[in-house]
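Close look at the chain arrangement
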Amino acid sequence: MGIIQTKYNPLFAVSVKQLFYDNNICQRYQTIPEPDFDFVPTTETIQLLQKLDLVFKPVPTAGGFWVLARVGDKTGSGNYLLRYQAPKGAKLSFLMLCRNPDLYNFNDLPLMSGDGSLYYFCNMVGDTTAPRSNLHLSKDVNGVKGTNDSMKYNSNAYTFVNSTPVTPGNAWLIHQLTGTIIQPRAIINDLSSARLLFDLTSLPSGICELFVNAVQVDSFYYLPMPAAGNLFGVMEINLSPNLDGNYRVIESDRSLQAPAPMYTIQFPKRKTTWRYRLSLTPNSPLYREMAALSAPAKTDFLNRLNIVSNDTAITFTKANVADTTIDFVSNSPIALQEVYTSSSSSSHDKLGLQLKKYIGNAQEATVKADLPYPSLDTVNQLQPPNIYSDIFLTL
């Protein structure tokens, strides 16, 4: 009895790179990685995976996944042919669910606003210079930016308020990928505005654009079913053979060009101004030492009190000096990262921060060594445009 062999080849891969982490993927681990995102195929994508005999395979060590395709014969040039033809307008969509809310703090992203938006990534980028081994899905080659890659999303019922009345036939919604046009289910006019109501249940997921009087007035991502979990974004891989060659998944003859495209979503590190907020108790040795000084001596003492780093690029200035409170603020923003090292150390020493007194004279001494790094739980943006990382110390 013969053995039936079915061959699967890589169709494409997706990897999330978070530059905050030492390994660029996730928190340091011994045996099992725990990425900050789960990728979940949408319902329509699950159906397409089954129809085309594709396999979705999570790869936690890369923070992403592979999609494998059943293949058949080879072309004359040696490339495998996809076993089943992808239909026109086919795409694979994946929800990105956030498992770690802290990523909004340490990645250079707008903080969570709850404004009904998500991050949208797709392989219709239009960068012909991107290498096939590292194809950025963000619009900017340097990584994800909130102003570039986020957009509103909506479920089955969509409402838009136009600033002027609208006559029937002058408002419509276009599904960007398929070109499907939807007319309003209802138009409610008053003297100065119009309320447009749309039913989107007949559409597949995807970007929709609203036109009023032939002018685009809104756009959003249509997501038929609410996401189960903390929705961060949506990623779409378009299977059209008409994409740029480096971003293309399937060729026009149904062949798979080797190597398979490797898509990347990269998150730059957030930079914050570090602010150490020192609180002195009446019994503090430092408080008592300053209290015993004359006014000129106290001024000189404060001039020689500061946080000292073993990184020449990281320096601090005192601010808001009082008898019981002193702030030390970094002179330039510092990138948040999982492991801090000195950029000016040839041996990549651990970043060291010390509170010192009498800096520059014979009495120089350390008041407190090994100052803590900022917590990732909070980021202080109450004084825009500065974003602070506050570290509270009591002596």
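Treat the numbers as computed from the prediction; the structure is a model and nothing was measured. (Residues numbered from 1 in each chain as written. Predicted model: local features only at pLDDT ≥ 70, side-chain atom pairs only at ≥ 80, totals over all residues. Heavy atoms only, no water.)

Another point: helix 1 (residues 43–52). An α-helical segment advances 3.6 residues per turn. Residues three or four places apart therefore align on the same side. Those residues of helix 1 not exposed but buried are Thr45, Leu48, Leu49 and Leu52. The buried residues of helix 1 all sit within an arc of 105° when viewed along its axis, so they share a single face. In this structure, helix 1 carries Thr43, Gln47, Gln50 and Lys51 as exposed residues pointing more than 90 degrees from its buried face. Remark: aspartate 53 follows helix 1 within two positions and exhibits a positive phi of approximately 55°. (Buried < 20%, exposed > 50% of the residue type's maximum accessible area, 1.4 Å probe, protein only. Helix = DSSP H or I, 4+ residues; strand = E, 2+ residues; numbered from the N terminus. Arc of directions from axis to C-beta.)

By way of backbone hydrogen bonds, the strands of a sheet pair with one another, either parallel or antiparallel. Read from one edge to the other, the open sheet built from three strands follows the order 10-14-13, with strand pairing classed as antiparallel. The sheet terminates laterally at strand 10 (157–162) and strand 13 (186–189), the two strands that pair on one side only. Each strand axis lies, on average, 15° off the axis of its neighbour in the sheet, ignoring direction. One ladder, built from four bridges, connects strand 13 with strand 14 (residues 194–199); its direction is antiparallel. The residue of strand 14 that forms the bridge with isoleucine 187 is leucine 196. (Pairing = 2+ DSSP bridges. Axes fitted to C-alpha atoms, helices over the stretch in contact; angles between N-to-C directions.)

Okay, the sheet that holds strand 7 (residues 117–122) next. Strands sit in the order 2-6-17-7-9-16-15-11-12 across an open sheet of nine strands; the sheet is mixed. With partners counted over all chains shown, the strands left at the sheet margins are strand 2 (37–41) and strand 12 (181–182), one partner each. Here two bridges tie strand 11 (residues 171–175) to strand 12, and the two strands are oriented antiparallel to one another. Directly across from isoleucine 174, in strand 12, lies its bridge partner isoleucine 181. Where helix 1 meets the sheet, its contacts fall on strand 2 and strand 6 (91–98), and the angle it forms with strand 6 comes to roughly 135°. (Contact = heavy atoms within 4.5 Å.)

Quick look at the environment of lysine 269 now. Along the chain, the position of lysine 269 falls in the loop between strand 18 (262–267) and strand 19 (271–279). Assessed through its relative accessible area of 29%, lysine 269 is described here as partly exposed. Distance in space between the C-alpha atoms of lysine 269 and leucine 103 is 9.8 Å, their sequence separation being 166 residues. In contact with lysine 269, not counting residues within four places along its chain, are Leu19, Phe20, Phe106, Asp108, Ala335, Leu336 and Gln337. Engagement of the side chain of lysine 269 in a polar contact is seen with the side chain of glutamine 337, the distance being 3.1 Å. (Polar contact = N/O pair within 3.5 Å; in protein donor to acceptor, adjacent residues only side chain to side chain.)

As a further point, take the layout of surface pockets. By volume, the largest pocket amounts to about 450 Å³. Tyr120, Cys122, Lys139, Gln176 and Ile207 are, among the 24 residues lining the largest pocket, the residues nearest its centre. Put simply, the parts of the chain that give the lining of the largest pocket at least two residues each are strand 7, helix 3 (146–149), strand 9 (150–154), strand 15 (206–212), strand 16 (215–222) and strand 17 (231–238). Looking at the lining of the largest pocket, its residues break down into nine nonpolar, 10 polar and five charged. (1 Å grid on protein atoms, 1.4 Å probe; cavity = no way out; pocket = protein on both sides within 12 Å on 5 of 7 lines; lining within 4 Å. Points joined across faces, edges and corners; volume = space filled by probe spheres on them. Nonpolar A, V, L, I, M, F, W, Y, C, P; charged D, E, K, R; others polar.)

Time to look at the pairing of strand 14. Pairing of strand 10 with strand 14 involves six bridges; the strand directions are antiparallel. By the bridge assignment, asparagine 162 is partnered in strand 14 with alanine 194.

Turning our attention to the pairing of strand 1 (residues 7–18). Consecutive residues of a regular strand have side chains that alternate between opposite faces of the sheet. Where strand 1 meets strand 4 (residues 64–74), seven bridges bridge the pair, whose relative direction is antiparallel. Along strand 4, the bridge assignment pairs lysine 7 with valine 71. Looking at chain direction, strand 1 and strand 18 are connected through six bridges and run parallel. Residue pairing for strand 18: valine 16 is matched across the bridge by isoleucine 265.

Scope: geometric values only; no functional claims are made or implied.
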